[in-house]
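Given next are the chains, with one letter for each unit.
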Amino acid sequence: MSIFDLHSSVVTDYEDYVRSFLSIADDRIRDFVERRLIEDDAFWPDALLQLNPSFKRSESVDDLCAQGLLSSQTAQVFRTSKDEAFTLYQHQCDAIRLAAQRRSYVVTSGTGSGKSLTYFIPIFDAVIRTPSPLPKVRAIVIYPMNALVNSQYESLCQLAENYRRRSGAPLPVRFEKYTGQEPLETKQRIQHEPPHILLTNFMMLEMILLRPQESDFVDRGRAALDFLVLDELHTYRGRQGADVAMLVRRLKERCGNSGLLHIGTSATMVADPSATGSQRKQAVSEFAGRLFGIPLASDSVVEETLIPVTPQLGPPSPEELRRSVLDPLPSNPEQLLASPLARWLELTVGIEQDSEGVFRRKTPQSLRAIAAELARPTGLAQQECERKLKELFLTSTGIVRGSDAPLFAFKLHQFISQGRSVYATLESPEERHITLDGQYYAPPSSRAQQRILCPVVFCRVCGQEYYRVQFDKKSQHLTPWPELSFDAEAQKQSRGYLLIPSDPNFDWSDMDLPEEWLDARGRPKREYRECIPSPLYVAPDGSTREEQDPTALRAWFQPSPFLICQSCGEYYTRRDKDFRKLTGLSNEGRSSATTALSVALLEHSGKADIRGASRKLLSFTDNRQDASLQAGHFNDFVLVCLLRSAIYRALDQHGELRFDNIADRTFEALGLQLRDFSRDPNLDPASFNAHNARKAFRDLIEYRIYEDLRRAWRVVHPNLEQCGLLEVHYEGLEQCAAREELWRHLPQLAAMRPDQRAALIRPLLDFARKKLAIDVECLRETYQQQLRRRANQWLNDRWCFDESEEHLRKAECLLIPGRPQGKLSGIQASSRSLIGRYLMRQLGRLPEYDLFVSTLIDILLSQGLLVRGQDRGGEFVRLNAGILVWKKGSGNPPPPDPMYSRRISSSRFSPAQQAANAYFRELYTG
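Numbers given for residues are sequential positions, taken from 1 along each chain in its written order. Local features in a predicted model are, by the rule used here, given only for residues with pLDDT of at least 70; side-chain atom pairs are given and counted only at 80 or more, and totals for whole chains, interfaces and linings are based on all residues. Only heavy atoms go into the side-chain values, all of them from the structure, while hydrogens and water stay out.

Q: Give a description of the overall build of the protein chain that names residues and reports values.
A: In this description a helix means any DSSP run of H or I spanning at least four residues, a strand means any run of E spanning at least two, and both kinds are numbered starting from the N terminus. A tally of helices and strands in the protein chain yields 29 helices and 36 strands. With the principal axes as the frame, the protein chain shows a C-alpha extent of 105 × 80 × 65 Å. Buried, partly exposed and exposed residues are distinguished by accessible area as a fraction of the type maximum, computed with a 1.4 Å probe on protein chains only: under 20%, between the cut-offs, and over 50%, respectively. Here the protein chain, with 926 residues, has 50% of them falling under the buried criterion. Counted charges follow a simple rule, with Lys and Arg positive, Asp and Glu negative, and His plus the chain ends left uncounted. Note on charges: their place is set at NZ of Lys, CZ of Arg, CG of Asp or CD of Glu. Here the protein chain carries 119 positive and 119 negative side-chain charges, and the mean point of each set is 3 Å from the other.

If you want it as structure tokens, here you go:
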């Protein structure tokens, strides 16, 4: 698998992930979304290719030492592990010369150009040349993200280790990272013995200026601040840029050094390709000068100096280029570089000369665009050109010439946007304008009337579309309800969902409402009156009428929260969030989308032969909370998927599992070695304590299995049951339902067939199971306390309990009406509870409800389906774990849970059965 195949596999997996959540009933909207997803790549456009340019090499640190620009000891520090002097790029040498003149400067060069050496070499040299007997901070280097601080700190540690091995002495320059994430002991040590170089971030620098215990870092007299470095200057824009600029001024006032050297680094900061070199430098110098608060001349801006890799023989002729595409690629590196196709590629994708004759990077292009450009002069098919270009990219990347750099190193940039909303006009389904562009008005049509665009969401059960609108009843006007709105006046309006039915004969009345919403006389109850969908006539411009109008369509408006789908009859309570009922195209969420992409990259990287240190994934964010959230989300996602996959494999192998073997079978199916989960990876597998580690892991797995039986609230991570891969049966339920004598005291159930009784009772047992009201040892609090201690003692950080799991999920108590409850807290089964409402939906009104439920529970207890318990002066019941039977699913998702799903029983509503999520089904079974 090549990098192109890897990219294609990752994008395909992500496409499958996004598509797996789409549920759209309307043919036109569904076709539009499918076309934009597949044909137009609206959310993941073609990847952009960019050649890594070659930087012009100049002098070595020994050469600069000979010129007096660096001390001999500085030259001894910056050497390779083989004691070879660093050979510097031209822009690095230019920066060092400016530093030697005590001139502030900014370096703008691309990734991998060694920008850090442009300030570390001058800083090291200044510290070495003018040593101080007291520990004082000489340089503060500010990074926008802690990830960059950590990366640079590791590089400096490696530099120090190389120096120690060569010289046998410690590095003469001390450095520390000080980001706020260090342990207290480390912070106190740094405060009492400040380093020469302090690596930090601008938020921590703000704290340093405020806290007395850190004043030695910055105060005049106690510090000797000589260098201020701002890395990634381009990130300091807008309000954050203003904050950092003020922070710099406060720091300079505190340090009192009027000769402070200001250094900035950044990637290319001027995006205008038509700008000349002098114009670019002038723009950068003005920006940096405002940020640092100093006058900065344009000749203090150091740009990268690029050189071509291929021989500069001019662009090849069309015939030469055609022949080069058709002929095999040369195997000799020099011949390959001299080939017309390689020359054309570098001039097209790599570098170009500007009006001043200076080589600049080319704008990245997609492979499709490059192939189309190659097809024009050669007259060859675009597919053939694309195949040849891939071959050239991959071949040249695998050939190293002279140095450690490949002939043509390239980058593949894939931009992925989070799913946007679908917008549509308030017109009939056959005529409405559909778009992904969130503008207020649709493009003009043949009608003179303006047409507003409103976001559209879809019922998760049947896919019926609803407009998200704001209804100003005073002006009788509808406007779009945006995702985020800070308009106080707009928020006073009634927000809700508008249905424009596709059937012109569609009608709606109080007869279509759920029975629960109606009183004894069939009228809507007071608490539901404002929730009932109300009819109105809507014009494309958003104006509404109460009477029929030929310019308006009949529609129904229901205020938020969404409580009933007028297409499938699914209805909800106010406790349910709209996100669980309705979905858009951005259903997956940012954290889930990032995790899905990360999993795809790591999963396919092995097939692309990316192994060892190269098999890594870097993620950057400027927010610590975001980083923590994403890391936790990723770890949780992976561990949950591993567990569910292992359960499925165990079911696939053994057919069914029970409470006494599911943990062992799942443990075996995971296929992990002792070193994969043991706290000590070197623990002897034959040792006695290896048994302790295995038992702790097995018991942890058992707890996780039961924990995963909970009702899945996260719609973006469906479990095995929701994917149709698992069915949970209850041993003895059918036999209990078949015994007629058991039900003689419950006439409502006695009149049923055995299969009907089983169908009525099964949701009650499912409810207890999904609420974790299960009588099993691993859900008992005392056992869990022991399990936590054993897991944290014997298992590694990947598997042991996280700090966020302060309280494990213990078994819930199901409380029965009419029985003593004492001081117990748990799940109620009263007439107003979910259980009570479910039973009365199925059986009608139950005048003696408490007696009915108590009798039903006694029957289930007598048959061993439930277990009675007592605690804190109260009585409760739980599901008997011994009756649970895990079986492999048929592949079809279960029907809606009747305990939670409320479907109006009427022929007017369309039947709707959600399909199993194909992405997660493949993930768990693959």
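Continuing now.
Q: I'd like to hear about the sheet that holds strand β35 (residues 884-888), residue by residue, with values.
A: Here a strand pair is declared whenever DSSP counts at least two bridges between the two strands. Within the open sheet, the three strands sit side by side as β28-β35-β29. Their pairing is antiparallel. Two strands close off the open sheet at either side, each with one partner strand: β28 (656-658) and β29 (726-730). Each strand of the sheet is rotated relative to its neighbour by a mean of 25°, with strand direction disregarded. Bridge count between β28 and β35: three bridges; the pairing is antiparallel. Residue pairing for β35: Arg-658 is matched across the bridge by Val-885. Lines fitted to C-alpha atoms define the axes here, with helix axes fitted over just the stretch in contact, and angles between the N-to-C directions of these axes take values from 0 to 180 degrees.

Q: So what about the sheet that holds strand β7 (residues 175-177)? Which residues, and what values?
A: The strand order β7-β8-β6-β9-β10-β5-β11 describes an open sheet built from seven strands, whose pairing is parallel. At either margin of the open sheet sits one strand with a lone partner, and together these are β7 and β11 (301-303). When the angles between neighbouring strand axes are averaged without regard to direction, this sheet yields 15°. With five bridges connecting them, strand β6 (residues 139-143) and strand β8 (residues 197-201) associate as parallel partners. Residue pairing in the sheet places Ala-139 in a bridge with Ile-197 of β8. In this analysis, two residues are considered to be in contact whenever any of their non-hydrogen atoms come within 4.5 Å of each other. Lying on the sheet, helix α11 (residues 277-292) is in contact with β5 (105-108), β9 (227-230), β10 (261-266) and β11; it crosses β11 at an angle near 130°.

Q: Residues and numbers for the environment of Asp-708, please.
A: Within the secondary structure, Asp-708 is located in the loop between α22 (688-707) and β29. As a C-alpha pair, Asp-708 and Arg-468 span 240 residues in sequence and 34 Å in three-dimensional space. Not counting chain neighbours up to four residues away, the residues in contact with Asp-708 comprise Val-640, Arg-644 and Asn-719. A 3.5 Å cut-off defines polar contacts: any pair of N or O atoms within that distance qualifies, except that in protein one atom must be a possible hydrogen donor and the other a possible acceptor, and neighbouring residues in sequence count only when both atoms are side-chain atoms. A distance of 2.9 Å separates a polar atom in the side chain of Asp-708 from a polar atom in the side chain of Arg-644.

Q: Tell me what's going on with the pairing of β8, and back it up with residues and numbers.
A: Along β8, five of the five residues are buried, which leaves the element largely enclosed by surrounding structure. Judged by which residues are buried, β8 turns out to be covered on both faces: Ile-197, Leu-199 and Asn-201 on one side and Leu-198 and Thr-200 on the other are all buried. Pairing geometry for β7 and β8, over three bridges, is parallel. Considered in β8, the bridge of Glu-176 is made with Leu-198. In terms of handedness, the path from β7 via helix α8 (residues 184-192) over to β8 forms a crossover that is right-handed. Crossover handedness is defined by viewing with both strands directed away from the observer: a clockwise path from the first strand over the helix to the second marks the crossover as right-handed.

Q: Before we move on, could you go through the side chain of Arg-757 and cite the residues and values that matter?
A: One can find Arg-757 in helix α25 (residues 754-770). Relative accessible area serves as the criterion here: at 0%, Arg-757 is assigned to the buried category. At 3.0 Å, the side chain of Arg-757 forms a polar contact with the side chain of Glu-740. Those residues in contact with Arg-757 that sit more than four places away from it in its chain are Ala-737, Glu-740, Trp-743, Leu-749, Ala-750 and Met-752.

Q: Just give me the short version of helix α18 (residues 590-605), but keep the residues and values in it.
A: The length a helix should cover is 1.5 Å for every residue beyond the first. Its 16 residues place the ends of α18 22 Å apart at the C-alpha level, agreeing with the 22 Å of an ideal helix rising 1.5 Å per residue. Along α18, the residues classified as buried are Ser-591, Ser-592, Ala-593, Thr-595, Ala-596, Leu-597, Ser-598, Val-599, Ala-600, His-604 and Ser-605.

Q: So, the confidence of the model for the protein chain: which residues are in play, and what are the values?
A: For every residue, the predictor reports its confidence as pLDDT, a number between 0 and 100. For the protein chain, the average pLDDT comes to 88, and 94% of its residues sit at 70 or higher. Confidence drops under a pLDDT of 50 for residues 485-492, and excluding neighbours within four residues, the segment shows six contacts in the predicted structure.

Q: Any chance you could break down unusual backbone geometry for me, citing the residues and the numbers?
A: Cis peptide bonds are those with omega within 30 degrees of zero, and the linkage from Ser-560 to Pro-561 qualifies with 5°. Its location among the elements puts Pro-561 in the loop between β25 (553-559) and β26 (570-571). With a phi angle near 60°, Arg-102 is a residue other than glycine that sits in the positive phi range. Within the secondary structure, Arg-102 is located in the loop between α5 (90-100) and β5.

Q: Could you give an account of the pattern of salt bridges, with specific residues and numbers?
A: Only one rule defines a salt bridge in this text: a Lys or Arg side-chain nitrogen within 4 Å of an Asp or Glu carboxyl oxygen. The full count for this structure, using the stated rule, is 58 salt bridges. Taking the shortest distance from any N to any O, the salt bridge between Lys-581 and Asp-578 comes out at 3.1 Å. The same class applies to Lys-581 as to Asp-578, namely buried. Because the salt bridges share partners, they merge into one network encompassing Asp-664, Lys-695, Arg-698, Asp-699, Glu-702 and Arg-790.

Q: Describe the packing of aromatic side chains, listing the residues and the values that go with them.
A: Stacked, tilted and edge-to-face are the three classes applied to pairs of Phe, Tyr and Trp rings, where Trp contributes its six-membered ring and a pair requires centres within 6.5 Å; stacked means planes under 30 degrees apart, edge-to-face means over 60, and tilted covers the rest. Inspection of every chain in the model, using the stated rule, returns 35 aromatic pairs. On the basis of an interplanar angle of 10° and a centroid distance of 4.6 Å, the ring pair of Trp-517 and Tyr-528 is categorised as stacked. You can see Trp-517 sitting in the loop between β22 (494-499) and β23 (534-538) and its partner Tyr-528 sitting in the loop between β22 and β23, a full 11 residues away along the chain. Trp-517 sits in the buried class, given a relative accessible area of 1%. Taking the centre distance of 5.0 Å and the plane angle of 85° together, the rings of Phe-697 and Trp-799 count as edge-to-face. In this pair, Phe-697 is assigned in helix α22 and Trp-799 in the loop between α26 (781-794) and β31 (814-815), connecting sequence segments 102 residues apart. One exposure class covers both Phe-697 and Trp-799, and it is buried. Here a set of aromatic residues connected by ring pairs shows up, and it is made of Tyr-14, Tyr-17, Phe-21, Trp-44, Phe-637, Tyr-919, Phe-920 and Tyr-924. By definition here, charges over rings are those cases where NZ of Lys or CZ of Arg is within 6 Å of the ring centre and within 35 degrees of the ring normal. Positioned above the aromatic ring of Phe-227, the side-chain terminus of Arg-102 is 5.5 Å from the ring centre.

Q: For the packing of α25 against helix α27 (residues 834-843), give the residues involved together with the corresponding values.
A: Remark: α25 packs on α27, axes separated minimally by 11 Å, with the N-to-C direction vectors making an angle of 170°. With respect to their mutual orientation, α25 and α27 come out roughly antiparallel. Of the two elements, α25 crosses α27, and the hand of that crossing is right-handed. In contact with Ala-759, Leu-760, Pro-763, Leu-764 and Phe-767 of α25, α27 contributes Leu-834, Ile-835, Tyr-838, Leu-839, Gln-842 and Leu-843. Note that Gly is not counted as nonpolar here; it falls among the polar residues with everything else outside the nonpolar set of Ala, Val, Leu, Ile, Met, Phe, Trp, Tyr, Cys and Pro and the charged set of Asp, Glu, Lys and Arg. Residues of the contact of α25 with α27, tallied by class, amount to 10 nonpolar, one polar and no charged. Here roughly perpendicular refers to angles of 65 to 115 degrees, roughly parallel to angles under 35, roughly antiparallel to angles over 145, and oblique to all remaining angles. Note on convention: the crossing is left-handed when the near helix lies turned anticlockwise from the far helix by less than a right angle, right-handed when the turn is clockwise.

Q: Any chance you could break down the nonpolar core for me, citing the residues and the numbers?
A: A general tendency of soluble globular proteins is for nonpolar side chains to be buried together. Counting residues in each nonpolar core, the largest one holds 136 residues, and the members touching the most others are Leu-498, Tyr-706, Ile-774, Leu-839 and Trp-886. When residues in this core are grouped by element, the largest group, nine residues, is from α22. The residues contacting Leu-839, other than those within four sequence positions of it, are Leu-760, Leu-764, Gly-844, Leu-846, Tyr-849, Phe-852 and Val-853. We call a set of buried Ala, Val, Leu, Ile, Met, Phe, Trp, Tyr and Cys residues a nonpolar core when their side-chain atoms join them within 4.5 Å. Residues Ala-85, Leu-148, Leu-171 and Leu-261 belong to the second largest nonpolar core, which totals 45 residues.

Q: Can you explain the pairing of β25? Please cite residues and give values.
A: For a regular strand, side chains alternate in direction, first toward one face of the sheet and then toward the other. Buried residues dominate β25, accounting for five of its seven residues. For β23 and β25, the ladder comprises five bridges, and the chain directions are antiparallel. From the neighbouring strand, Pro-535 faces β25, where its bridge partner is Trp-556.

Q: Any chance you could break down the state of the cysteines for me, citing the residues and the numbers?
A: Two cysteine sulfur atoms make up a disulfide if the distance between them is within 2.5 Å. One pass over the structure, following the stated rule, counts zero disulfides. Counting only cysteine sulfurs, Cys-93 is the nearest neighbor of Cys-65, a cysteine outside any disulfide, at a range of 13 Å. In this model Cys-778 remains outside any disulfide bridge; the closest cysteine sulfur is found in Cys-813, 15 Å from its own. When its relative accessible area of 1% is taken as the criterion, Cys-778 is described as buried.

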